[in-house]
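Overview (structure and organization)
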Amino acid sequence: MHQMTLAEIARGLADKKFSSEELTKVLLARISQLDPQLNSFISLTEALALEQAKAADARRANGESGALLGAPIAHKDLFCTQGIRTSCGSKMLDNFKAPYDATVVAKLAAAGAVTLGKTNMDEFAMGSANESSWYGAVKNPWNLEHVPGGSSGGSAAAVAARLLPAATATDTGGSIRQPAAFTNLTGLKPTYGRVSRWGMIAYASSLDQGGPLARTAEDCAIMLQGMAGFDQNDSTSIDEPVPDYSASLNESLKGLRIGVPKEYFSAGLDPRIAELIQNSIKELQKLGAVIKEISLPNMQHAIPAYYVIAPAEASSNLSRFDGVRFGHRCENPENLIDLYKRSRGEGFGPEVQRRIMVGAYALSAGYYDAYYLKAQKIRRLVKNDFMAAFNEVDIILGPTTPNPAWKLGAKNSDPVAAYLEDVYTITANLAGLPGLSMPAGFVDGLPVGVQLLAPYFQEGRLLNVAHQYQLNTDWHTRTPTGF
Ligand code: GLN
């Protein structure tokens, strides 16, 4: 039962082959049996799950249908869930029970999805390895000595290990696409503004975007359908109609113009990954796509710009955690400054503190023009590169990451080494574009992802290309040994 995709579950529930309650019990048992190896969950919500599953079965018995009605999922632990701990992977929020549901949580619940729990993540979504969580590192089900990617590593590891078919995640600089690549999943980062950020604890507000992690493009389409849409509670939500993402999955790729940026194949890319990307290009050519070499000349500046803008926004967003209003408060503060200092010093881990300091520095009066303003100018250049490229091509294709998943601890002493691994993903966030990562093969038994980028609001196109690719390849069907 645990091998089923969301699409298969929907068919099974519609055909009354099993109930949502039965399926939920099977998956909850599987989580308690297998998750100790992975550490992919921070909280399990068994009682809520069984209640939602029974309610979904009752709705189906009353003649209701829907692809998510009775489908078991989990939420990255930065989506607020009413009355349930929402920790953001931090000691700071270990005692925080959200007073309301995030829009994404409410929308998926209304569609009948069943919440099994809250998944582990890098603290405040800062990281590419899921090693900065206060609740401990998450392990990659493909090799338990390796990282699953971050910051949505818990969602990725859980779905890859078949503990559940799909989960929510967020992507500020790659945190949906990179863990998807590292664990053999399909992950979609929507256009900025497509999915509401209301109730999604902020890391860097102008870059953060929620989206799905699942095994197939078909399942990502189902999840995105439940998550996307205008929300007046989010001032950056965009009032654009939501298309039927499942309906466009089977469009032909004949004549599709795919751009491959020459900058992507530089010395930093593992040559074995380069070869798998070339194979995926050939596969898409067989389906009728036309390949064109393009250039993204400002890509080399994206990492430094991102690692100024994201920490700057984080330093501002995280100032609300002061020991007064939310979360951790130190014992016996001597005065207000002592309360702030010790609450924040005790509540935040080292990576979060590093980013707050970098961000506050970049925003300070003497350095704002030199760092923050310059980074914003680079951001515009990166966006302009994409706009020029999309005048010539429909989709941009390349690797999701320069290397496969590294060993746990391998980059702990050198944070910049981890930042450099974001080279292919962060540009989409700087520009606000949608991006998808899908399985493209293996290197030393570890999964490799191919990334597709599209113009604004072309999520349907990304899912269509990925679905057609998945109908003709079987990488996405491979299961990690032991799961
Ligand atoms: N690795 C990037 C960072 O640490 C992106 C994280 C994310 O997308 N949340 O900032």
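Residues numbered from 1 in each chain as written. Predicted model: local features only at pLDDT ≥ 70, side-chain atom pairs only at ≥ 80, totals over all residues. Heavy atoms only, no water.

Looking now at the side chain of Asn 120. One can find Asn 120 in the loop between strand E3 (114-119) and helix H5 (153-160). Classification of Asn 120 as buried rests on a relative accessible area of 0%. Side-chain polar atoms of Asn 120 contact the side chain of Ser 133, separated by 2.7 Å. (Helix = DSSP H or I, 4+ residues; strand = E, 2+ residues; numbered from the N terminus. Buried < 20%, exposed > 50% of the residue type's maximum accessible area, 1.4 Å probe, protein only. Polar contact = N/O pair within 3.5 Å; in protein donor to acceptor, adjacent residues only side chain to side chain.)

With that out of the way, let us pick up helix H12 (residues 368-389). Between the first and last C-alpha of H12 there are 31 Å, a value that for 22 residues agrees with the 32 Å anticipated at 1.5 Å per step. What H12 keeps buried is the set Tyr 372, Ala 375, Ile 378, Arg 379, Val 382, Asp 385, Phe 386 and Ala 389. Where the residues of H12 are buried, they touch strand E8 (290-294), helix H9 (302-317), helix H11 (350-363), strand E9 (395-399), helix H14 (426-431) and strand E11 (446-453). (Expected span 1.5 Å × (residues − 1). Contact = heavy atoms within 4.5 Å.)

Attention now goes to the site of the ligand. The ligand sits among 15 residues. The nearest are Thr 172, Gly 173, Ser 175, Tyr 203 and Tyr 306. Separating a nitrogen atom of the ligand from a side-chain N or O atom of Ser 128 is a distance of 2.9 Å. At a separation of 3.3 Å, an oxygen atom of the ligand approaches a polar backbone atom of Gly 174. Computed on the free molecule, the ligand has an accessible area of 300 Å², of which 99% lies beneath the protein chains in the complex. Counted by class, the shell around the ligand contains 5 nonpolar, 7 polar and 3 charged residues. (Near = heavy atom within 4 Å. Areas by Shrake-Rupley, 256 points an atom, 1.4 Å probe, with all protein chains shown as cover. Nonpolar A, V, L, I, M, F, W, Y, C, P; charged D, E, K, R; others polar.)

On to unusual backbone geometry. Cis geometry is found at the peptide bond from Gly 150 to Ser 151, where omega equals 0°. In this structure, Ser 151 sits in the loop between E3 and H5. Of note, the phi angle at Lys 16 is positive, near 60°, even though the residue is not glycine. Within the secondary structure, Lys 16 is located in the loop between helix H1 (6-14) and helix H2 (20-38). Here Lys 16 falls in the exposed class, since its relative accessible area comes to 69%.

We now examine a nonpolar patch on the surface. Together, Val 324, Leu 336, Ile 337 and Tyr 340 make up an exposed nonpolar region whose accessible area comes to about 350 Å². Relative to the helices and strands, Val 324 is located in the loop between H9 and helix H10 (336-347). On the basis of relative accessible area, Val 324 is assigned to the partly exposed category, the value being 40%. (Patch = residues over 30% accessible without salt bridge, like charges linked within 9 Å, V, L, I, M, F, W, Y side chains within 5 Å. Salt bridge = Lys/Arg side-chain N within 4 Å of Asp/Glu carboxyl O.)

Take the pattern of salt bridges next. Evaluation of the coordinates by the stated rule reveals 20 salt bridges. In this structure, Asp 270 engages Arg 272 in a salt bridge whose closest nitrogen and oxygen atoms are separated by 2.8 Å.

Attention now moves to the packing of aromatic side chains. On inspection of all chains with the given rule, the structure shows 18 aromatic pairs. A centroid spacing of 4.0 Å and a plane angle of 10° characterise the contact between Tyr 307 and Tyr 419, whose relative ring orientation is stacked. Here Tyr 307, found in helix H9, pairs with Tyr 419, found in helix H13 (residues 415-420); they are 112 residues apart in sequence, far enough to count as distant. Of the two residues, Tyr 307 and Tyr 419, neither departs from the other in class, the shared state being buried. Ring pairing ties together the aromatic residues Phe 96, Phe 124, Phe 321, Phe 326 and Phe 348, which thus form one cluster. Across from the ring centre of Trp 406, 4.9 Å away, lies the NZ or CZ of Lys 411, which sits over that ring. (Phe/Tyr/Trp six-rings, centres within 6.5 Å; stacked < 30°, edge-to-face > 60°. Lys NZ or Arg CZ within 6 Å of the ring centre and 35° of its normal.)

The next point concerns the nonpolar core. Among the nonpolar cores identified, the biggest contains 103 residues, and Phe 124, Phe 386, Ile 396 and Leu 463 are the most heavily contacted of them. With 9 residues, the single largest contributor to this core is H9. Residue contacts for Leu 463: discarding those within four places in its chain leaves Leu 188, Ala 217, Cys 220, Ala 221, Leu 224, Tyr 245, Leu 249 and Leu 436. In terms of nonpolar packing, the next biggest core, distinct from the first, is built from 32 residues, Met 4, Val 114, Ala 180 and Phe 483 among them. (Core = buried A, V, L, I, M, F, W, Y, C linked by side-chain atoms within 4.5 Å.)

A separate point is the sheet that holds strand E2 (residues 72-76). Each strand in a sheet pairs with another by means of backbone hydrogen bonds, the pair being arranged parallel or else antiparallel. Judged by pairing direction, the sheet is mixed, and its 11 strands sit side by side in the order E1-E3-E2-E4-E6-E5-E10-E11-E9-E7-E8 without closing on themselves. Strand pairing shows two members of the sheet lacking a second neighbour, strand E1 (41-44) and E8, which therefore form its edges. Adjacent strand axes in the sheet meet at a mean angle of 30° when their direction is disregarded. As paired strands, strand E10 (residues 435-443) and E11 are joined by 8 bridges and run antiparallel to one another. Considered in E11, the bridge of Met 438 is made with Val 450. Where helix H8 (residues 271-286) meets the sheet, its contacts fall on strand E7 (257-261), E8, E9, E10 and E11, and the angle it forms with E9 comes to roughly 150°. (Pairing = 2+ DSSP bridges. Axes fitted to C-alpha atoms, helices over the stretch in contact; angles between N-to-C directions.)

A word on the environment of Thr 191. If you trace the backbone, Thr 191 turns up in the loop between strand E5 (186-189) and strand E6 (210-214). A residue is classified by how much of its surface remains accessible, and Thr 191, at 1% relative accessible area, is buried. Spatially, the C-alpha atoms of Thr 191 and Pro 434 are 4.3 Å apart, while their sequence positions differ by 243 residues. Residues in contact with Thr 191, not counting those within four places in the same chain, are Gln 209, Gly 432, Leu 433, Pro 434, Tyr 456, Phe 457, Gln 458 and Glu 459.

It is worth spelling out the pairing of E8 at this point. Two faces belong to every sheet, and in a regular strand the side chains alternate between them. Both E7 and E8 contribute to a ladder of 5 bridges, which runs parallel. Looking across to E8, one finds that Val 260 is bridged to Glu 293. Following the chain from E7 across H8 to the adjacent parallel E8, one finds a crossover that is right-handed. (Right-handed = clockwise from strand over helix to strand, strands pointing away.)

Read these as spatial facts, not as claims about activity.
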